[in-house]
Amino acid sequence: MHDEILETLISEEAIQNKIKELGKELSVEYKERFPLVVGVLKGALPFMADLIKRMDIHLEIDLMAVSSYGASTVSSGQVKIVKDLDTSLEGRDVIIVEDIIDSGLTLSYLVQLFKARKAKSVKIVTLLDKPTGRKVDIAPDLAGFIVPDAFVVGYGLDYIERYRNLPYIGVLKPEIYEKKE
Ligand SMILES: O=P(O)(O)OC[C@H]1O[C@H](OP(=O)(O)OP(=O)(O)O)[C@H](O)[C@@H]1O
Ligand code: HPA
Ligand SMILES: [Mg+2]
């Protein structure tokens, strides 16, 4: 699997150090607020799991699964809810945890949905931000790393469902895509 990676963009150590910082920052901001931390499956799973362990406050978690990429490296533009939340958002301070904000379509859909469900506040925390991919005007409140205009994999991020289990973020060798297209 590792021999299919052209280049490591963000090491495992750098990811873990950044998560400690983000966890500390969120712990200060959300102390006494009992936030609802919402992970967006599947990509956010490793980040969510590591981040909540660095948040030293009372919190609640829930998970939502949405998908817009399917087997492609380009967003379909249609965000599909695959699994909805179990928790009511009314009056809650919600922290959305994402692995990446790229076109912004997934997050703008979720922010609108959560506001319509009467969340008291909605904050976006993403491990990666790819500003060059943006199709709608939306910015994260907290971001771990800015990534360049390339399709990245690892640490939750997939290409046709593979590579989510890499502990680092990397770029695939071009021949891996060429095989499929
Ligand atoms: O800003 P955007 O262009 O909307 O892209 C970001 C979203 O796309 C990916 O999810 P995907 O739809 O591939 O589902 P997955 O998490 O199951 O891989 C990623 O995990 C984000 O949720
Ligand atoms: O660069 C990416 N890699 C994997 N999944 C993604 N979903 C949006 N952008 C990406
Ligand atoms: Mg995906």
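Keep in mind the model is a prediction, meaning the values are calculated, not measured. Sequence positions are assigned chain by chain, starting from 1 and proceeding in written order. In the order they appear in the text, chains get letters beginning with A and ligands get numbers beginning with 1. In view of the model being predicted, local features appear only for residues whose pLDDT reaches at least 70, and side-chain atom pairs are presented and counted only at 80 or more, with totals across whole chains, interfaces and linings using the full set of residues.

Trainee: Looking at this structure, how should I read the site of ligand 2?
Mentor: In this text, near has one meaning. A residue is near a molecule or strand if its C-beta atom, placed using the backbone, is within 6 Å of it. Taken together, the neighbourhood of ligand 2 is formed by Y69, I100, D102, F151, V152, V153, L157 and D158. Charged means Asp, Glu, Lys or Arg here, nonpolar means Ala, Val, Leu, Ile, Met, Phe, Trp, Tyr, Cys or Pro, and polar covers whatever is left, Gly included. A per-class count over the shell around ligand 2 returns six nonpolar, no polar and two charged.

Trainee: Would you explain the site of ligand 1 in this entry?
Mentor: Taken together, 17 residues lie near ligand 1, and G43, Y69, D102, S103 and T106 sit nearest. If you list the elements that add at least two residues to the shell around ligand 1, you get β5 (93-101) and α3 (105-116). Counting from the N terminus, the helices are the DSSP runs of H or I reaching at least four residues and the strands are the DSSP runs of E reaching at least two. Considering each element in turn, the shell around ligand 1 owes the most residues, four residues, to β5. Grouping the constituent residues of the shell around ligand 1 by class yields five nonpolar, seven polar and five charged.

Trainee: Got a minute to help me understand the environment of A65 in this structure?
Mentor: In this structure, A65 sits in strand β3 (residues 60-67). A pair of residues counts as a contact when their C-beta atoms, built from backbone coordinates, are separated by no more than 7 Å. In this structure A65 touches L41, K42, V82 and K83, once residues within four positions along its chain are discounted.

Trainee: Is there a simple way to explain the nonpolar core in this structure?
Mentor: Soluble globular proteins tend to bury their nonpolar side chains together. Put simply, a nonpolar core is buried Ala, Val, Leu, Ile, Met, Phe, Trp, Tyr and Cys residues tied into one set by C-beta atoms within 7 Å. The exposure scheme places C-beta atoms from the backbone and then counts, for each residue, the other C-beta atoms within 10 Å of its own, assigning buried at 20 or more, exposed at 12 or fewer, and partly exposed in between. Residues V38, V94, I95, I96 and V97 are the most contacted members of the largest nonpolar core, which totals 41 residues. Ranked by the residues each element gives to this core, the list is headed by β5, at six residues.

Trainee: Is there a simple way to explain the confidence of the model for the protein in this structure?
Mentor: Detail in the predicted coordinates should be disregarded across regions flagged by low pLDDT. Summary statistics for the protein give a mean pLDDT of 94 and a share of 98% for residues scoring 70 or more. Confidence metrics for the complex model read pTM 0.94 and ipTM 0.97. Residue-level confidence of the predictor, termed pLDDT, takes values from 0 up to 100.

Trainee: Sorry if this is basic, but what is going on with the environment of F114 here?
Mentor: With respect to the helices and strands, the residue F114 is situated in helix α3. Once the C-alpha coordinates of F114 and V94 are considered, the two residues, 20 residues apart in sequence, prove to be 8.4 Å apart. Residues within four places of F114 in sequence aside, it is in contact with L89, V94, A119 and V122.

Trainee: Please clarify how the pairing of strand β6 (residues 121-129) should be interpreted in this entry.
Mentor: The two faces of the sheet receive side chains in turn, since in a regular strand these alternate between them. Taken across its nine residues, β6 has seven buried, putting it largely inside the fold. Clockwise travel from the first strand over the helix to the second, with the strands pointing away from the viewer, marks a crossover as right-handed. With respect to chirality, the unit in which β5 leads through α3 into the neighbouring parallel β6 is right-handed. Direction of pairing for β6 relative to strand β7 (residues 142-146): parallel, over a ladder of four bridges. Bridging from a neighbouring strand, L128 pairs with F145 of β7. Paired strands are those between which DSSP finds at least two bridges.

Trainee: How should I be thinking about helix α1 (residues 12-29) in this particular structure?
Mentor: Each α-helix turn comprises 3.6 residues. Residues three or four places apart therefore point the same way. The span one expects for a helix is its residue count, reduced by one, times 1.5 Å. Here α1 spans 26 Å end to end across 18 residues, near enough to the 26 Å set by a 1.5 Å rise per residue. Listed as buried for α1 are I15, I19, L22 and L26. Angularly, the buried residues of α1 cover 70° about the axis, an arc narrow enough to put them on a single face. Those residues of α1 that are exposed and angled more than 90 degrees off the buried face are E13, N17, E21 and V28. Structurally, α1 contributes buried residues whose contacts are with β1 (5-10), α2 (45-53), β5, β6 and β7. Within this analysis, the arc is defined by the directions that extend from the helix axis to the C-beta atoms.

Trainee: How do you make sense of unusual backbone geometry when you look at a structure like this?
Mentor: The phi torsion of most residues other than glycine is negative, and most of the peptide bonds are trans. Between L41 and K42 the backbone carries a cis peptide bond, its omega angle lying at 0°. Looking at the secondary structure, you find K42 in the loop between β2 (36-41) and α2. Even without being a glycine, Y155 presents a positive backbone phi close to 50°. Looking at the secondary structure, you find Y155 in the loop between β8 (152-153) and β9 (169-172). Using a count of 25 C-beta atoms within 10 Å as the deciding quantity, one classes Y155 as buried. A positive phi angle, close to 75°, is found at Y163, a residue other than glycine. Counting through the fold element by element, Y163 comes out in the loop between β8 and β9.

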